[in-house]
Amino acid sequence: MAHGQHFDMTPLSPLDSPLFGNAFVEPRMREIFSFHNYLQSCINTEVTLAKVQASLEVIPSSAAKGIADAAEKYIPDLEELQKSTTLVGYPILPLVEQLAKQAGDSGHYLHWGATTQDVMDTATVLQMRSGIELIESQVRKTITALLSLAKRYRDTPMAGRTHLQQAIPITFGYKAAVWLSGLDRHLERLSQLKARVLVVQFSGAAGTLASLGTKGLTVQHALAEALDLEVPTITWHSSRDGFTETVQTLALICASLAKIAVDVSVMMTTEIAEVAEPFAQHRGSSSTMPQKHNPISCELISANSKMVREHAGLMLDAMAVDFERATGPWHLEWRAIPESFALTSGSLSQANFMLTGLQVYPDKMRRNLDLSRGLICAEAVMMTLAPIIGRQTAHNLVYNACRQAVDTGSPFADILLEMPQIRKTLTEKEIKTLTTPENYLGSAPEMVDKVVNNR
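Below: a short report on this structure. Only a predicted model underlies this, so the values are computations on that prediction, with no experimental measurement involved.

Conventions adopted
- Residues numbered from 1 in each chain as written.
- Predicted model: local features only at pLDDT ≥ 70, side-chain atom pairs only at ≥ 80, totals over all residues.
- Heavy atoms only, no water.
- Helix = DSSP H or I, 4+ residues; strand = E, 2+ residues; numbered from the N terminus.
- Rg over C-alpha atoms; globule rule 2.2 N^0.38 Å.
- Buried < 20%, exposed > 50% of the residue type's maximum accessible area, 1.4 Å probe, protein only.
- Contact = heavy atoms within 4.5 Å.
- Areas by Shrake-Rupley, 256 points an atom, 1.4 Å probe, with all protein chains shown as cover.
- Lys, Arg positive; Asp, Glu negative; His and termini not counted.
- Charge placed at Lys NZ, Arg CZ, Asp CG, Glu CD.
- Core = buried A, V, L, I, M, F, W, Y, C linked by side-chain atoms within 4.5 Å.
- Pairing = 2+ DSSP bridges.
- Axes fitted to C-alpha atoms, helices over the stretch in contact; angles between N-to-C directions.
- Left-handed = near helix turned anticlockwise from the far one by under 90°.
- Nonpolar A, V, L, I, M, F, W, Y, C, P; charged D, E, K, R; others polar.
- Salt bridge = Lys/Arg side-chain N within 4 Å of Asp/Glu carboxyl O.
- Parallel < 35°, antiparallel > 145°, perpendicular 65-115°, else oblique.
- Patch = residues over 30% accessible without salt bridge, like charges linked within 9 Å, V, L, I, M, F, W, Y side chains within 5 Å.
- Phe/Tyr/Trp six-rings, centres within 6.5 Å; stacked < 30°, edge-to-face > 60°.
- Lys NZ or Arg CZ within 6 Å of the ring centre and 35° of its normal.
- Expected span 1.5 Å × (residues − 1).

1. Quick look at the overall build of the protein
Regarding its fold elements, the protein presents 19 helices and 4 strands. The C-alpha atoms of the protein give 30 Å as radius of gyration, which overshoots the globular expectation for 455 residues (23 Å, by more than 25%). Its C-alpha atoms put the protein at 100 × 50 × 35 Å along the principal axes. Within the protein, the proportion of its 455 residues that are buried is 50%. Taking all contacts inside the protein whose residues are at least 6 apart in sequence as the whole, residues at least 24 apart take part in 75%. Approximately 22,300 Å² of the protein is accessible, and the part contributed by carbon and sulfur atoms is 55%. Each charge class in the protein can be summarised by its mean position, and for the 40 positive and 47 negative side chains these summaries are 8 Å apart.

Below is the structure:
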């Protein structure tokens with residue numbers, strides 16, 4: 001298909017804006033879900049259908065050749081296509097009319113036994129197949145970046161935080177490995193959903209293939225094989241769980257990236273300053289505060305996650321289809337699917353940029369570990385005392401020591417050394433060892449190894 005004239009459409013969304021578009025969307029995904037690619041996917045479906053029907057003697061071979069030749073030369077009248085689609089409500093009838101006219105007598109056999117949703121769904125599946133391939137490659141790149149961080153900082157101690165408070169020591173490699181583990185699972189999900197989602201749609205008017213008599217299922221199988229798609233067990237015109245599962249999976253990927261973005265953006269705060277997004281001239285700059293280095297990638301990732309979550313909800317609504325074809329819910333997919341792919345690819349692009357060049361400051365992590373003057377190791381002291389004096393007694397004793405340390409600003413070890421009940425059990429050397437954060441990393445480094453080696 002040669003491209004015709006361009007539609008006269010003013011962008012309304014930041015996703016399509018010349019200003020903002022490339023910040024939100026990976027350009028390769030924009031091409032996959034572009035209007036021209038969608039139209040070409042519809043035409044490819046029609047041409048392939050004609051070819052397999054000719055091979056099965058459903059239509060004349062000359063008709064299939066005429067349709068294929070016409071498609072090669074076809075230049076769509078986009079103005080008329082736009083006008084007719086607005087009138088009809090769907091683009092396939094006007095598209096078939098234009099292509100059939102181009103094909104002459106062969107055009108009488110175009111769209112044989114098919115219905116509008118057959119072509120539109122199959123075209124969407126073809127786009128989704130390319131979209132999933134791109135998402136998978138982007139997830140792998142992000143995993144590679146996280147693998148590098150996990151291995152490099154396997155033993156780099158930092159404060160673990162719960163409820164935004166310092167909890168116990170962890171390592172930055174452990175944090176990166178936790179991030180990575182989620183993306184590993186998403187790769188599995190993407191692989192597993194393909195058999196359920198990359199399925200041909202060809203079932204005719206109400207899904208029974210009645211117009212093709214006894215050859216309906218044979219044509220369906222041949223079309224699926226020609227397009228390298230799976231064959232459905234039954235018509236899925238009104239059963240939309242496959243498309244919904246895909247968008248839910250994209251929402252999961254975006255949410256995992258948003259978790260990383262939240263962590264990184266908080267760790268970038270001036271008071272914590274443990275990491276920073278990659279430096280690029282003027283990236284994250286303020287128009288009035290020259291010292292600023294704002295977490296731009298984190299902001300875009302977080303925003304995209306919320307928008308894809310909205311689409312995940314829309315797709316659940318789109319599953320509530322009335323009878324054999326929807327009066328409205330189908331239309332929700334037309335926005336939710338392409339935008340979800342676009343936003344997810346944009347988030348992965350931002351995440352890969354951010355994590356590949358993430359600036360990590362172990363000295364700041366060390367400084368923050370020392371902020372509490374040993375209180376971050378309170379659990380280590382308690383669990384050492386517990387087998388000797390009982391867990392609850394140990395908890396109360398250490399809790400009181402913590403309160404004294406907070407009230408007086410004294411090092412935790414000094415408070416412990418002044419407590420007779422503790423000195424009866426622990427030596428000064430043991431207390432110093434227990435209140436040193438590097439000595440209470442648990443199995444964090446070994447857990448990193450498990451994630452790194454499990455591939």
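2. Re the nonpolar core
Counting residues in each nonpolar core, the largest one holds 84 residues, and the members touching the most others are I135, V139, L149, F172, V264, V275 and F341. When residues of this core are assigned to their parent elements, the largest contribution, 13 residues, is made by helix α7 (residues 116-152). Once residues lying within four places of it in the same chain are set aside, the contact partners of F341 are M29, F33, M128, G131, I132, I135, T246 and L250. The next biggest cluster of nonpolar side chains, apart from the first, holds 30 residues, and it includes L95, V96, A100 and W330.

3. Brief notes about the pairing of strand β1 (residues 157-162)
Two faces, one strand: in a regular strand the side chains alternate between the faces of the sheet. In this sheet, strand β2 (residues 165-171) lies alongside β1 in antiparallel orientation, the contact comprising 5 bridges. Counted as the bridge partner of A159 is P169 from β2.

4. Comments concerning the packing of helix α3 (residues 35-55) against α7
To characterise two packed helices, one gives the angle between the axes of the helices and the distance between these axes. Closest axis-to-axis distance for the α3/α7 pair is 8 Å, and the angle between their directions is 120°. Along this stretch, α3 crosses α7, giving a crossing that reads as right-handed. Counting all contacts with α3, which are made through N37, Y38, S41, C42, T45 and E46, the residues of α7 involved are V119, M120, T122, A123, T124, L126 and Q127. Looking at the contact of α3 with α7 residue by residue, the classes come out as 6 nonpolar, 6 polar and 1 charged.

5. Structural notes on the pattern of salt bridges
Within the structure shown, the criterion is met by 17 salt bridges. For D155, the salt bridge goes to R154, with nearest N and O atoms at 2.7 Å. Overall, the relative accessible area of 45% leaves D155 in the partly exposed class. What makes R154 partly exposed here is its relative accessible area of 23%. Notably, a salt bridge pairs E245 with R196, separated by 2.6 Å at the nearest N-O pair. Placement of the pair is E245 in helix α10 (residues 241-267) and R196 in helix α8 (residues 172-197), with a sequence separation of 49 residues.

6. Notes on the packing of α7 against helix α12 (residues 329-356)
Running from N to C, α7 and α12 point in directions that differ by 15°, and their axes come no closer than 9 Å. By the angle between their directions, the pair α7 and α12 is classed as roughly parallel. Considering only the axes of α7 and α12, their crossing is left-handed. Looking at the contact of α7 with α12 residue by residue, the classes come out as 15 nonpolar, 11 polar and 2 charged.

7. A short note on a negative patch on the surface
On the surface, D77, E79, E80 and E97 cluster together into a negatively charged patch. Positionally, E80 belongs in helix α5 (residues 78-88). Overall, the relative accessible area of 34% leaves E80 in the partly exposed class.

8. Some points on unusual backbone geometry
Notably, L209 is not glycine yet its phi reads approximately 60°, a positive angle. Tracing the chain through its elements places L209 in the loop between α8 and α9 (216-227). Judged by its relative accessible area of 5%, L209 falls in the buried class.

9. Focus: the packing of aromatic side chains
This model, assessed by the stated rule, comprises 8 aromatic pairs. Pairing Y109 with W112 gives two aromatic rings, centres 5.2 Å apart and planes at 40°, and the pair type is tilted. W112 gets classed as partly exposed once you look at its relative accessible area, which sits at 33%. The interplanar angle of 75° and the centroid separation of 5.2 Å between the aromatic rings of W236 and F243 together place this pair among those described as edge-to-face. For W236, a relative accessible area of 10% gives the class buried. Looking at K364, its charged tip hangs above the ring of Y361, at a distance of 5.4 Å from the centre.

10. What about helix α14 (residues 378-389)?
For α14, which comprises 12 residues, the first-to-last C-alpha distance of 16 Å matches the rise-based estimate of 16 Å (1.5 Å per residue) to within 8%. All buried positions along α14 are accounted for by A378, A380, V381, M382, L385 and A386. Next to the buried residues of α14 lie α15 (391-408), α16 (412-417), α17 (420-423) and α18 (428-434). G390 sits one or two residues past α14 and shows a positive phi near 100°.

11. A look at α7
The end-to-end C-alpha separation of α7 is 54 Å, in line with the 54 Å expected for 37 residues at 1.5 Å each. Most of α7 is tucked away: 26 of the 37 residues are buried.

12. Brief notes about the environment of M120
Inspection of the secondary structure puts M120 in helix α7. For M120, a relative accessible area of 5% puts it in the buried group. Separated by 24 residues in sequence, M120 and T144 have C-alpha atoms that sit 36 Å apart. With near-sequence residues (within four places) excluded, M120 lies in contact with Y38, Y90, P91, I92, W330 and W334.

As far as function goes, none of this settles anything; it's purely spatial.
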